[in-house]
Amino acid sequence: MTRQRTTSPALTLQREPVAGLCPACASASLSRYPVNSEGGWFNTVKCQNCLHSVERERAPRLGPIQLISDTIKDAV
Ligand SMILES: [Zn+2]
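Parameters and conventions
- Within each chain, residues carry numbers counting from 1 in the order of the written sequence.
- Only residues with pLDDT of at least 70 get local features here, since the model is predicted, and only at 80 or more are side-chain atom pairs given and counted; chain-wide, interface and lining totals rely on the full set of residues.
- The side-chain quantities take in all heavy atoms of the structure and omit both hydrogens and water.
- Atoms are scored as donors when they are N, O or S and lie within 2.8 Å of the metal, with 3.2 Å used for Na, K and Ca; no water is included, so coordination may look incomplete.
- Square planar and octahedral assignments, for four and six donors respectively, both demand that opposite donors be over 155 degrees apart and that all other angles lie between 65 and 115; tetrahedral needs four donors with all angles between 85 and 135 degrees, and anything else is irregular.
- Exposure categories follow from relative accessible area, calculated using a 1.4 Å probe and restricted to protein chains: below 20% of the type maximum is buried, above 50% is exposed, and the middle band is partly exposed.
- Numbering of helices and strands runs from the N terminus, with a helix taken as a DSSP run of H or I at least four residues long and a strand as a DSSP run of E at least two residues long.
- Among buried residues, those of type Ala, Val, Leu, Ile, Met, Phe, Trp, Tyr and Cys that are joined through side-chain atoms within 4.5 Å constitute a nonpolar core.
- Working rule for contacts: check all heavy atoms of both residues, and any pair within 4.5 Å makes them a contact.
- Two strands are said to pair when DSSP picks up at least two bridges between them.
- Every axis in this analysis is a line fitted to C-alpha atoms, fitted for helices over the stretch in contact. Angles between the N-to-C directions lie between 0 and 180 degrees.

1. Notes on the coordination of the zinc ion
Ideal donor angles around a metal are set by the shape: a four-donor tetrahedron calls for 109.5 degrees, a six-donor octahedron for 90 or 180 degrees. In this structure, Cys22 (SG), Cys25 (SG), Cys47 (SG) and Cys50 (SG) serve as the protein donors to the zinc ion, at separations of 2.3 Å. For the zinc ion, the 4 donor atoms in the first shell make angles of 104 to 115 degrees at the metal, a pattern classed as tetrahedral. Judged by its relative accessible area of 4%, Cys22 is buried. Given the relative accessible area of 32%, Cys25 is considered partly exposed.

Below you can see the structure in the form of structure tokens.
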């Protein structure tokens, strides 16, 4: 990806720090955040040093965007 010049601060997703060590590079900088890949949204825990995926689980179909209809499905 190329770096682009912007006139306003870039939007960033909140990255939740996770305790633990990266199995690939032993860095302690693990973060949990949603990513959009070829298979849709996934909630991942990734090493911020080498980008190794420590955890990867299916996320809701719109990732961080939650539909009201999805939140009430248990009530049906
Ligand atoms: Zn790592």
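2. Quick look at the environment of Leu30
The topology assignment puts Leu30 in strand β2 (residues 30-37). Using a relative accessible area of 5% as the deciding quantity, one classes Leu30 as buried.

3. A word on the nonpolar core
In terms of nonpolar packing, the biggest core is built from 5 residues, these being Val18, Cys22, Leu30, Val45 and Cys47. Sequence-distant contacts of Val45, defined by excluding residues within four places in its chain, comprise Val18, Leu30, Ser31, Arg32, His52, Ser53, Val54 and Glu55.

4. Concerning the environment of Leu21
Turning to its location among the elements, Leu21 is positioned in the loop between β1 (16-18) and β2. Leu21 gets classed as exposed once you look at its relative accessible area, which sits at 58%. Along the primary structure Leu21 and Cys47 are separated by 26 residues, whereas in three dimensions their C-alpha atoms are 8.4 Å apart. Residue contacts for Leu21: discarding those within four places in its chain leaves Ala26, Ser27, Ala28 and Leu30.

5. Here's the deal with the sheet that holds β1
With antiparallel pairing, the 4 strands of this open sheet are ordered in space as β1-β2-β3-β4. The strands lining the two open edges of the sheet, one partner per strand, are β1 and β4 (53-58). Taken pair by pair, the neighbouring strands of this sheet meet at an average axis angle of 35 degrees, ignoring direction. Of the pairings in the sheet, the one linking strand β3 (residues 40-47) to β4 comprises 5 bridges and is antiparallel in character. Across the sheet, the residue bridging to Asn43 is Glu57, located in β4.

6. Side note on unusual backbone geometry
At Ala26, a residue that is not glycine, the phi angle is positive and equals roughly 65 degrees. Mapping Ala26 onto the fold places it in the loop between β1 and β2. The exposed category is assigned to Ala26, whose relative accessible area is 52%. Even without glycine at this site, Leu51 takes up a positive phi of about 65 degrees. A residue is classified by how much of its surface remains accessible, and Leu51, at 52% relative accessible area, is exposed.

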